[in-house]
Amino acid sequence: MPRVPGTRTGRNAELGLLALAMIIVALYAATVEANQYGKITASFWVPAAILGVLFLGLHLVVRFTAPYADPVLIPAVALINGLGVGFLRRIDIARAITKKLPEPGIFSGIGGRQLAWTLGALILAAILLVVVRDHKVVSRYAYTLGLVGIVLVMIPAVLPASLSEINGAKLWIKLGGFSIQPGEFAKLALVSFFAFYLVRKREVLSLASRRFLGIDFPRGRDLGPVVTVWLLSLLVLVFEKDLGTALLYFGLFVVTLYVATERASWLIIGLLMFFGGVYLAYVLGASVGGPFANFYDRASIWLDPFAPQFVNAEGYQLVQSLLGLGTGGLFGTGPGAGSPGLVPEVHSDFIFAGMGEEIGLFGLSALLVVYLLIVERGLRAAILVRDSFGKLVAGGMAFTLGLQVFVILGGITGLIPLTGQTTPFLSAGGSSLMANWLLVAMLLRISDAARSPAAGGPAGPAGPKQPPAQLHGAMTEVIKP
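Residues numbered from 1 in each chain as written. Predicted model: local features only at pLDDT ≥ 70, side-chain atom pairs only at ≥ 80, totals over all residues. Heavy atoms only, no water.

A.B. asks: What exactly am I supposed to notice about the overall build of the protein here?
C.D. replies: The number of helices and strands found in the protein is 16 helices and six strands. Buried residues in the protein amount to 56% of all 481 residues. A fraction of 73% describes how many contacts in the protein between residues 6 or more apart in sequence connect residues 24 or more apart. Accessible area for the protein stands at about 19800 Å²; split by element, carbon and sulfur atoms hold 69% of it. (Helix = DSSP H or I, 4+ residues; strand = E, 2+ residues; numbered from the N terminus. Buried < 20%, exposed > 50% of the residue type's maximum accessible area, 1.4 Å probe, protein only. Contact = heavy atoms within 4.5 Å. Areas by Shrake-Rupley, 256 points an atom, 1.4 Å probe, with all protein chains shown as cover.)

In structure tokens:
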């Protein structure tokens with residue numbers, strides 16, 4: 001959408017926030033080197049500068065293709081992405097020192113690969129913004145996206161463990177030295193399909209059958225879609241051996257359904273069904289074993305990771321995570337001054353624990369506030385955009401990001417059993433990084449539609465031309481394919 005003269009787009013504010021984010025990333029890198037080497041090298045700023053150039057490129061694409069997009073999203077995500085690259089490079093530096101090797105190159109090691117994946121992710125996000133100029137176009141391909149999403153979810157489950165299993169979870173497709181996690185892309189496709197389906201079926205799913213304890217419950221005949229997604233989630237739990245992915249897909253559908261219908265009963269039904277299914281899987285794992293055994297083992301480790309049979313075996317990872325967080329305390333040991341290498345898989349599943357040891361509770365809390373800010377801006381786009389499909393897509397994607405962070409943090413702190421999920425924008429891994437940057441690009445596209453003066457958004461100097469539509473109670477418009 002072309003820029004309307006005399007209106008505020010927020011792009012200059014975005015540029016300033018990006019510069020601030022990269023300064024923080026550079027300071028983090030300098031502190032890491034000071035603690036690791038006892039000095040700061042002359043090239044400490046190079047990774048932050050490269051990241052700054054990459055994010056500047058995306059900023060320019062947004063400036064011309066989505067001028068009214070939310071100016072906070074890219075800087076907030078760039079800060080987390082940059083800190084992730086910095087921490088992964090910190091692991092590379094520690095390994096080089098341990099093995100008496102020279103300083104790792106900018107594009108070598110885990111940190112270098114993450115830097116390269118960031119370039120690929122930003123290119124994909126830019127392509128989406130250039131190609132998809134109106135988010136409602138996505139609704140034309142909703143059923144295709146739904147089918148693609150289901151296929152991507154189920155592929156790892158049907159592959160042999162040698163091609164799909166890492167650390168007990170079958171979430172991957174491994175070919176030689178290359179691996180991809182298709183479920184990361186499946187969530188984007190499923191969000192679009194769920195949004196389109198619920199816009200079409202909203203009136204039927206809103207009908208109440210009976211009232212119990214002041215809550216209107218739906219008719220039994222309308223439970224079909226929820227039961228179907230519930231069964232799909234249980235299949236993921238059993239055959240892909242991952243609670244986090246199952247919770248992510250089912251939670252996404254139930255919350256989107258709640259937003260579309262305004263019926264709190266759907267949340268109650270969803271929670272009862274999910275926890276009932278998880279308990280059933282645990283009981284069957286204890287009595288029958290077979291495909292349920294893996295979940296039973298994970299749940300047993302979660303209940304008592306310090307048990308003698310677990311503490312130096314299957315529970316070692318969680319134990320080291322808890323000890324690392326405890327060592328960090330309130331303020332942490334300082335970037336580069338901890339021992340995150342003691343935690344297995346600290347570069348992916350347990351990156352929160354590794355960073356938590358060095359930046360402490362206050363640092364982790366600040367990081368979570370940035371995540372919360374991203375989710376809040378996504379929900380704000382959902383509130384402001386005027387079409388029902390856009391509301392559900394933006395709301396669903398924002399909730400997906402928030403739920404994924406909760407699932408990961410819950411696993412490493414012992415709140416819920418461990419999952420195979422990666423921390424968005426922070427953990428090493430190309431699949432997660434590319435999929436989540438595509439999610440951000442879609443939120444940028446929707447927020448551009450919501451904030452543009454043509455849509456009555458708040459970008460103009462006079463503010464909105466009419467009151468913004470609310471997230472609840474404004475779902476009656478049906479999007480035609």
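A.B. asks: What am I meant to see in the environment of V407 here?
C.D. replies: Looking at the element boundaries, V407 is found in helix α15 (residues 388–412). Linking V407 and L247, residues 160 residues apart in sequence, is a C-alpha distance of 8.2 Å. When neighbours within four sequence positions are excluded, V407 is seen to be in contact with G244, L247, I416, T419 and Q421.

A.B. asks: What is the right way to read the packing of aromatic side chains from this model?
C.D. replies: To describe a pair of aromatic rings, one takes the distance between the centres and the angle between the planes. Using the criterion set out here, one finds 12 aromatic pairs in the structure. Their ring planes at 80° and their centres at 5.5 Å tell us that Y143 and F196 sit as a pair that is edge-to-face. Taken together, the residues Y143 in helix α5 (residues 142–158) and F196 in helix α7 (residues 182–206) connect sequence positions 53 residues apart. Y143 gets classed as exposed once you look at its relative accessible area, which sits at 52%. On the accessibility criterion, F196 (3% relative accessible area) is buried. Here the aromatic residues Y143, F193, F194, F196, Y197 and F253 are joined through ring pairs into a cluster of three or more. (Phe/Tyr/Trp six-rings, centres within 6.5 Å; stacked < 30°, edge-to-face > 60°.)

A.B. asks: Please clarify how the nonpolar core should be interpreted in this entry.
C.D. replies: One recurring pattern in soluble globular proteins: nonpolar side chains tend to sit buried together. Counting residues in hydrophobic clusters, the biggest one holds 128 residues, and the most contacted among them are L58, F425 and W437. Ignoring sequence-local partners within four residues, the contact set of W437 consists of F55, L58, I74, V77, A78, N81, A121, L122, A125 and F425. (Core = buried A, V, L, I, M, F, W, Y, C linked by side-chain atoms within 4.5 Å.)

A.B. asks: What is the right way to look at unusual backbone geometry in this model?
C.D. replies: When glycine is set aside, most residues are seen to have a negative phi, and most peptide bonds are trans. A positive phi angle, near 55°, is found at K100, a position not held by glycine. Tracing the backbone shows K100 in the loop between α3 (73–98) and α4 (109–131). Here K100 falls in the exposed class, since its relative accessible area comes to 75%. The residue E345 is not glycine, and still its phi comes out positive at about 60°. Summarising the element assignment, E345 is placed in the loop between α13 (316–328) and α14 (351–384).

A.B. asks: Just checking my understanding: could you explain the packing of helix α9 (residues 243–261) against α15 for this structure?
C.D. replies: Between two packed helices, the angle of one axis relative to the other and the distance separating the axes together describe the packing. Here α9 crosses α15 at 145°, and the two axes come no closer than 9 Å. In this structure, the crossing between α9 and α15 has a hand that is right-handed. Contacts between α9 and α15 pair G244, L247, L248, G251, L252, V255, T256, V259 and A260 from the former with L392, G396, F399, T400, L403, Q404 and V407 from the latter. Per-class residue counts for the contact of α9 with α15 are 10 nonpolar, six polar and no charged. (Axes fitted to C-alpha atoms, helices over the stretch in contact; angles between N-to-C directions. Left-handed = near helix turned anticlockwise from the far one by under 90°. Nonpolar A, V, L, I, M, F, W, Y, C, P; charged D, E, K, R; others polar.)

By themselves these figures say nothing about function.
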